There are 2 protein chains.
Amino acid sequence: MLNEKFDRYSFILDQTAKKVKQFAQSSFAEKGFDITVDQWTVLKALYETDQLSQKELAKRCGKDQPTLTRIVDILLKKNLAERITDETDRRSLYLHLTEEGKLKVASLTPIVTEIRMKAWENLADEDFEAFTRILNTIYNNLNIE
Amino acid sequence: MLNEKFDRYSFILDQTAKKVKQFAQSSFAEKGFDITVDQWTVLKALYETDQLSQKELAKRCGKDQPTLTRIVDILLKKNLAERITDETDRRSLYLHLTEEGKLKVASLTPIVTEIRMKAWENLADEDFEAFTRILNTIYNNLNIE
DNA sequence: TAAATATATTTGTTGTACTAAATATTTGTA
DNA sequence: TACAAATATTTAGTACAACAAATATATTTA
């Protein structure tokens, strides 16, 4: 049956995503970063745009709100970010990085890029185009709301 | 900087893998399958090759042993699989599906294939080739042991 | 203005991932 | 044979993902 060969793509996709995360995480540990990959995603988003609400931050990080709440809780404990109540809408909490948080992102960014690049050895620019196009297509095919 | 554009691939990869899993999971729920996607992965592997040790099963499913142990615990509770001590090596446990487990896999398989195929709308066979080649390359680039 | 509805966040629960450590058993070697 | 090393599995602890329900506050509407 023609469709059979498509049946295992989800396995390859899942394993590769897991490996990418795992590689980054063990590199972080090895270099003594003392944050998880998911915490890094949140820190980076806040560094790029400070003063985001949790809702907006969750969206940019591709995480749901309960998950983000818990990650932010940890960042607060580590003194990397702060929660500030929005006085115009007291339901909202705005987040921004502490000085320590900003320094951390600034100093780690180049090293993270280096870690991330390792995945692309033996691959060409056209592969990158195909990669993003195919994954975005799959995402959109399944993103029915 | 040339490398900048490669910096966000991990996000796309992660989001897409998550979406594929989430789509399958919500389809499972909608159709009343009463198992998780990860439980399905294990059931399918056991269906294809019965009588696997937990170690071998974990490897085939791309899961670590503690995670597999817990998934198997759940499958036992659901009467879908059984653990049998290997009398030639009493450290090992062999697993196999119950009749109920086999029936479940047999009846769900075509529906799962259908669910999985939805991701490939608007994509060509060449895309599938590129997809597997690129993801496998990335996996191998990072798979340093 | 009071009640209904909507929005932002948090809490609770279940399941999975990873690490380290514990347990039981087997194998290799002195 | 006895002891050390290796192997298979489980347990414990922390982190993250998804969902549902709870809480607090805003907005809409009757």
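Residues numbered from 1 in each chain as written. Chains lettered and ligands numbered in written order. Predicted model: local features only at pLDDT ≥ 70, side-chain atom pairs only at ≥ 80, totals over all residues. Heavy atoms only, no water.

As annotated in an unreviewed UniProt entry, chain A carries the name DNA-binding MarR family transcriptional regulator and comes from Sphingobacterium siyangense.

1. Concerning the sheet that holds strand β2 (residues 81–85) of chain A
All names here are of chain A. Ordered in space as β1-β3-β2, the three strands form an open sheet in which the pairing is antiparallel. Two strands bound the open sheet, and with one partner strand each, they are β1 (52–53) and β2. Judged from the five bridges that link them, β2 and strand β3 (residues 93–97) form a sheet pairing that is antiparallel. If you follow Thr-85 over to β3, its bridge partner there is Leu-93. This element, helix α4 (residues 65–77), spans β2 and β3 of the sheet and lies at about 115 degrees to β2. (Pairing = 2+ DSSP bridges. Helix = DSSP H or I, 4+ residues; strand = E, 2+ residues; numbered from the N terminus. Contact = heavy atoms within 4.5 Å. Axes fitted to C-alpha atoms, helices over the stretch in contact; angles between N-to-C directions.)

2. Concerning the sheet that holds strand β3 (residues 93–97) of chain B
Residue and element names in this part refer to chain B. With respect to topology, three strands assemble into an open sheet ordered β1-β3-β2, the strand pairing being antiparallel. Both outer strands of the open sheet, β1 (52–53) and β2 (81–85), are each paired with one neighbouring strand and no more. In the packing of helix α2 (residues 37–48) onto the sheet, the strands contacted are β1, β2 and β3, and the crossing angle to β3 comes to about 90 degrees.

3. Topic: the protein's contact with DNA strand D
Around DNA strand D, a shell composed of 26 residues is seen, among which Thr-36 and Thr-67 of chain A together with Gln-54, Lys-55 and Thr-69 of chain B lie nearest. Across the atoms of DNA strand D situated within 4 Å of the protein, the share located in sugar and phosphate is 69%. Here a phosphate oxygen of DNA strand D and a side-chain polar atom of Asp-38 of chain A are 3.4 Å apart. Lys-55 of chain B is positioned with one of its backbone polar atoms (N or O) 2.6 Å from a phosphate oxygen of DNA strand D. Mapped onto the surface near DNA strand D, the elements with two or more residues apiece are α2 (37–48) and α4 of chain A together with α1 (9–30), α3 (54–61) and α4 (65–77) of chain B. At five residues, the largest contribution of residues to the surface near DNA strand D is made by α4 of chain A. Here the surface near DNA strand D is composed, by residue class, of five nonpolar, nine polar and twelve charged. (Near = heavy atom within 4 Å. Polar contact = N/O pair within 3.5 Å; in protein donor to acceptor, adjacent residues only side chain to side chain. Nonpolar A, V, L, I, M, F, W, Y, C, P; charged D, E, K, R; others polar.)

4. Digging into the pattern of salt bridges
Enumeration over the complete set of coordinates arrives at 20 salt bridges over all chains. Put simply, Arg-133 of chain B and Asp-127 of chain A hold a salt bridge, and the shortest N to O gap is 2.8 Å. Of this pair, Arg-133 of chain B sits in helix α6 (residues 125–142) while Asp-127 of chain A sits in helix α6 (residues 125–142), placing the two residues on different chains. For Glu-121 of chain B, the salt bridge goes to Lys-118 of chain B, with nearest N and O atoms at 3.3 Å. (Salt bridge = Lys/Arg side-chain N within 4 Å of Asp/Glu carboxyl O.)

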